[in-house]
Amino acid sequence: TSQANFPVYVDKDSYYNPYGNSVAGAGLGRDLYFSRRVTEVPRVTENENRTLHIDAVLEGEFTVWNKAWNWNVGYNHSAISGSVMQTGNLNLLNLKKALGPSFRNANGVVQCGTAAAPVALAECVPWDILGGPSASTTAALNYVMSTGQATYGSTVNSVTADITGELFNLPAGAVGMAAGLENRD
């Protein structure tokens, strides 16, 4: 979800909108578009990467009809795995809710929704994003921030076998042969 496809603004019915209906009068308020870098929480990316690589080869020589031949067989194991954790980015879906309609309830607490259709305090935390970092509560930041997690991995095992040698001689030199097999999974 990107902000270009999912615009975020301070709703005209937000308790924290200085140009909203609660200040300008019912029906006269307006949504407030803004641009603000969230500095209250640092953006952090943690990467953990594990790599294992093993190669083993056996090789040798032998003679057939007085001609030299070489052979080798090998095994390769290569594995990589890891994880990524990112914090300090905004959850646009929750941000839109936190900047949506809100009101001060009978207990003096600013709550998402409207007096006629309140949203439970456990389901949404309004955010005074225009008040700057000092107005950001821990509860609001926890609500609008996201944690991104990803894992990745790849394993390749391969077995190889090769043989090379001379078959016979011609006036211009020896005629050779080479063959090999490889299996990967």
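These figures come from a predicted structure and were not determined experimentally.

S.K.: I tried to follow the state of the cysteines on my own but got confused; where do I start?
M.R.: Note on terminology: disulfide describes a covalent bond linking the sulfur atoms of two cysteines. Under the counting rule described, the total for this entry stands at one disulfide. With its sulfur 2.1 Å from that of its partner, cysteine 112 forms a disulfide with cysteine 124. Here the S-S torsion is close to -60°, and the disulfide linking cysteine 112 with cysteine 124 is therefore left-handed. With cysteine 112 in strand S4 (residues 110-112) and cysteine 124 in the loop between S4 and helix H3 (138-144), the pair connects residues that are 12 residues apart, well separated along the chain. According to the relative accessible area criterion, cysteine 112 is buried, its value standing at 2%.

S.K.: How do you make sense of unusual backbone geometry when you look at a structure like this?
M.R.: If a residue is not glycine, its phi is most likely negative; likewise, a peptide bond is most likely trans. One non-glycine residue with positive phi stands out, namely tryptophan 65, at about 50°. Within the fold, tryptophan 65 resides in the loop between strand S1 (44-64) and strand S2 (67-90). Of note in this structure, asparagine 66 is not a glycine but carries a positive phi near 60°. For asparagine 66, the location among the structural elements is in the loop between S1 and S2.

S.K.: How should I be thinking about the side chain of glutamate 40 in this particular structure?
M.R.: Secondary-structure assignment places glutamate 40 in the loop between helix H1 (21-24) and S1. A polar contact of 2.8 Å, which involves the side chain of glutamate 40, links it to the side chain of serine 136. The residues touching glutamate 40, leaving out its near neighbours within four places in the chain, are Trp127, Gly132, Pro133, Ser136 and Leu141.

Cut-off values and rules
- Residues numbered from 1 in each chain as written.
- Predicted model: local features only at pLDDT ≥ 70, side-chain atom pairs only at ≥ 80, totals over all residues.
- Heavy atoms only, no water.
- Disulfide = S-S within 2.5 Å.
- Helix = DSSP H or I, 4+ residues; strand = E, 2+ residues; numbered from the N terminus.
- Buried < 20%, exposed > 50% of the residue type's maximum accessible area, 1.4 Å probe, protein only.
- Polar contact = N/O pair within 3.5 Å; in protein donor to acceptor, adjacent residues only side chain to side chain.
- Contact = heavy atoms within 4.5 Å.

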